[in-house]
Amino acid sequence: KSFLSEYPTNVIYNGLDLKHFKPTANTIKSAYGIKNKIMLLGVAQNWSKKKGFNDFIKLSSLLDMDKYAIVLVGVPKSLQKKVPHNIICVDQTNSTTELAQFYSAADLFLNLSYEETFGLVTAEALACGTPAIVYNRTAVPEIIDESCGIVVEAGNLERLKRIITDEQWKTIESNSCIGHAKQYEDKTQYPKYIELYKKILEEGEKL
């Protein structure tokens, strides 16, 4: 609806490093004492309401936390004070290996963000073989199809709870998630920038 609508648009997705983001051996569940629980994972660099932080807290009150474990990665200690004890918080990690371990350990990845330009964490989780449930807001649902996850109406926590507990997501195969994520590989996406720049230069020369 803005003045930018008059100009051509080119969509190039973020690049994903599949050398690091892949199914990775780990002891995450044992380390956090949730070996017998279904692990629901959320990852963000800057947790806030728009990143779904409040929705994760509300979800923890709707689920049977004897059966499920919500793990949030990237939560600073100052924010951890606001999180109920039935949610496991992990500080931000700069290790892609450790992050891949969390993705691989999770049974299900949740992206409850309301605003994303892409949603790289979702693609990273898929690359590690973990299916995802995402909100139908901004760019996030573009990453998901029925082969690797489920899209749910943003903020509909009752619907989200039902999707999690009816366990239809368990029919999604790990290899399908990995295969879907391959389209976002950096080797595929980065050359698209070069081609776009070349096109712009060629058109400029014609003018």
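So, here is what we can say about the structure in this document. (Residues numbered from 1 in each chain as written. Predicted model: local features only at pLDDT ≥ 70, side-chain atom pairs only at ≥ 80, totals over all residues. Heavy atoms only, no water.)

**What about the pattern of salt bridges?**
Working definition: two side chains of opposite charge can pair if their charged atoms are close together.
Then comes step 1: Across all of its chains, the model carries eight salt bridges by this definition.
Then comes step 2: Residues Glu-116 and Lys-51 are paired through a salt bridge, measuring 2.8 Å at the closest nitrogen-oxygen approach. With Glu-116 in the loop between strand 4 (108-111) and helix 5 (120-127) and Lys-51 in the loop between strand 1 (38-43) and helix 2 (53-62), this pair connects stretches of sequence that are 65 residues apart.
Then comes step 3: The closest approach of N and O atoms between Lys-170 and Glu-167, which form a salt bridge, is 3.3 Å.
Then comes step 4: For Lys-170, a relative accessible area of 49% gives the class partly exposed.
Then comes step 5: Salt bridges here are not isolated pairs; linked through shared partners, they connect Lys-67, Glu-167 and Lys-170. (Salt bridge = Lys/Arg side-chain N within 4 Å of Asp/Glu carboxyl O. Helix = DSSP H or I, 4+ residues; strand = E, 2+ residues; numbered from the N terminus. Buried < 20%, exposed > 50% of the residue type's maximum accessible area, 1.4 Å probe, protein only.)

**Quick word on the environment of Ser-104**
Then comes step 1: In this fold, Ser-104 is placed in helix 4 (residues 96-105).
Then comes step 2: Counting along the chain gives 79 residues from Ser-104 to Ala-25, while the straight-line C-alpha distance between them is 7.5 Å.
Then comes step 3: Among all residues touching Ser-104, those that are not within four sequence positions of it are Lys-22, Pro-23, Thr-24, Asn-26, Cys-128 and Thr-130.
Then comes step 4: A distance of 2.8 Å separates a polar side-chain atom of Ser-104 from the backbone oxygen of Ala-100. (Contact = heavy atoms within 4.5 Å. Polar contact = N/O pair within 3.5 Å; in protein donor to acceptor, adjacent residues only side chain to side chain.)

**Quick word on the packing of aromatic side chains**
Then comes step 1: Here the structure, examined in full by the defined rule, presents ten aromatic pairs.
Then comes step 2: Between Tyr-114 and Tyr-135 the ring centres are 5.3 Å apart and the planes differ by 70°, which places this aromatic pair in the edge-to-face class. Here the residue Tyr-114 occupies a position in the loop between strand 4 and helix 5, and Tyr-135 occupies one in strand 5 (residues 132-135), the gap between them amounting to 21 residues.
Then comes step 3: Consider the rings of Tyr-193 and Tyr-197, whose centres lie 6.5 Å apart with planes at 40°: the pair is tilted. A residue pair is termed a helical-turn pair when its members lie 3 or 4 positions apart in one helix, as Tyr-193 and Tyr-197 do in helix 8 (residues 186-206) at four residues.
Then comes step 4: Since its relative accessible area comes to 30%, Tyr-193 is described here as partly exposed.
Then comes step 5: Counting every residue linked through ring pairs, the aromatic cluster contains Tyr-13, Phe-118 and Tyr-184. (Phe/Tyr/Trp six-rings, centres within 6.5 Å; stacked < 30°, edge-to-face > 60°.)

**Structural notes on the sheet that holds strand 2 (residues 68-73)**
Then comes step 1: Pairing is parallel in the open sheet, where six strands are placed in the order 3-2-1-4-5-6. At either margin of the open sheet sits one strand with a lone partner, and together these are strand 3 (87-90) and strand 6 (149-152). In this sheet, adjacent strand axes meet at a mean angle of 20° when their direction is disregarded.
Then comes step 2: Pairing between strand 2 and strand 3: four bridges, direction parallel. By the bridge assignment, Ile-70 is partnered in strand 3 with Ile-87.
Then comes step 3: Strands in contact with helix 5 are strand 1, strand 4 and strand 5; relative to strand 4, the strand with the most contacts, it is inclined by about 170°.
Then comes step 4: Lying over the sheet, helix 6 (residues 157-166) contacts strand 1, strand 2, strand 4, strand 5 and strand 6, oriented at roughly 170° with respect to strand 5. (Pairing = 2+ DSSP bridges. Axes fitted to C-alpha atoms, helices over the stretch in contact; angles between N-to-C directions.)

**Comments concerning helix 5**
Then comes step 1: The buried fraction of helix 5 amounts to seven of the eight residues, a majority that puts the element mostly inside the structure.
Then comes step 2: Along helix 5, the residues classified as buried are Val-121, Thr-122, Ala-123, Glu-124, Ala-125, Leu-126 and Ala-127.
Then comes step 3: Structurally, helix 5 contributes buried residues whose contacts are with strand 1, helix 4, strand 4, strand 5 and helix 7 (174-181).
Then comes step 4: Backbone geometry just downstream of helix 5 places Gly-129 in the positive-phi region, at approximately 90°.

By themselves, these observations are geometric and do not establish any function.
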